[in-house]
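# Coordinate analysis (summary)
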Amino acid sequence: MKILKDDEAIRRIKCAKGVAVLTGAGISAESGIPIFRGEEGLWTKMSPEEMASFEAFYHNTAIVSEWYQHRRDIIDKSEPNSGHKALKMLEGLVGDFSLITQNIDGLHQRAGSGSVIELHGNIMENYCIKCNQQYSPQEFDEIYQQNPEHIPRCYCGGLIRPNVVWFGEQLPVECIENAYQAAINSDIFLVVGTSAYVAPASDLPRLAKQNGSYLIEINPNKTAISHIVDLRLEGSSGVVLPLLVDDFKEIMLENKQFTR
Ligand code: OAD
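A brief report on the enclosed structure follows. (Residues numbered from 1 in each chain as written. Predicted model: local features only at pLDDT ≥ 70, side-chain atom pairs only at ≥ 80, totals over all residues. Heavy atoms only, no water.)

### Quick word on the packing of aromatic side chains
If you walk through the whole model with that rule in mind, you get seven aromatic pairs. Ring geometry for Phe54 versus Phe57: centroids 6.2 Å apart, planes at 50°, classification tilted. Pair noted here: Phe54 and Phe57 are both in helix α5 (residues 54–59), with a separation of three residues, about one helical turn. Measuring from ring centre to ring centre gives 5.2 Å for Trp67 and Tyr68, while their planes differ by 80°; the resulting arrangement is edge-to-face. (Phe/Tyr/Trp six-rings, centres within 6.5 Å; stacked < 30°, edge-to-face > 60°. Helix = DSSP H or I, 4+ residues; strand = E, 2+ residues; numbered from the N terminus.)

Here you go:
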């Protein structure tokens, strides 16, 4: 074992059938995408209500649209890191695997992960608030670039917004239901790179634990749920996750030989 020293963790992984993972901004930090909280966080430079709410978008459409376009540019230039890639590998090892993310950057999908539950939407998708017309990233970019005022409008005249969940908005019902189910069904629940301050995502680890799951947190810093986890692996996800997935592989392989 490279990183797992804990006998209970090894025992739990040995008999695990379902593994669920919740990721937050920290997993994309090593891809160069800023996190929200902490000294370097986005929310220390501006408040969420200033930028991430429907009111802000409606009243300051150009500023909010420019901010989202700036974040799209950063994401476009970034690449999935070894943490994202390790989770793609883990998916291949476990029969019942669920990946739930609060991130809107699509980096899990670009790393090759299959069905990702995107709790907060995806910044590359856009739609009209009036007629609900969907816009592909290319279509949106064209409209955005052609509009010098940076107020993207649909052919019907409605404003075009990013397909993300803003403060005060509901999460897509299907997403949150699937996430709750994945947490309940899991035997191991990994919490990666999230401060766990934002509900309902932050409820998922608790729900998993209440249903008997073993919680492992991967984060260089303590979080709002550190006190309830079974195991903390302190460090960046780009370093810790590949080691942890190697350990998963070794344990699962040993277990297969044992059961044959
Ligand atoms: P936060 O910015 O609140 O937390 C990021 C977490 O990542 C912190 O706990 C850091 O310690 C940790 N971290 C930093 N670098 C890391 C690394 N290299 N490896 C692992 N962990 C690292 O981001 P979230 O918890 O994702 O919502 O924030 C949740 C939600 O709040 C976001 O989805 C967004 C935001 O407001 C909406 O916009 C709706």
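### Quick word on the sheet that holds strand β3 (residues 116–118)
With parallel pairing, six strands are arranged side by side in an open sheet as β3-β2-β1-β7-β8-β9. A single partner strand is all that each edge strand has here, and the edge strands are β3 and β9 (231–233). Neighbour-to-neighbour, the strand axes of this sheet turn through a mean angle of 20°, independent of strand direction. Pairing geometry for strand β8 (residues 214–218) and β9, over three bridges, is parallel. Of the residues in β9, the one forming a bridge with Ile218 is Leu233. (Pairing = 2+ DSSP bridges. Axes fitted to C-alpha atoms, helices over the stretch in contact; angles between N-to-C directions.)

### Regarding the sheet that holds strand β4 (residues 121–128)
The sheet built from three strands is open, its strands ordered β5-β4-β6 with antiparallel pairing. In this open sheet, the two strands that pair with only one neighbour each are β5 (134–135) and β6 (160–164). By the bridge criterion, two bridges tie β4 to β5 in an arrangement that is antiparallel. Within the sheet, the bridge partner assigned to Tyr127 lies in β5 and is Gln134.

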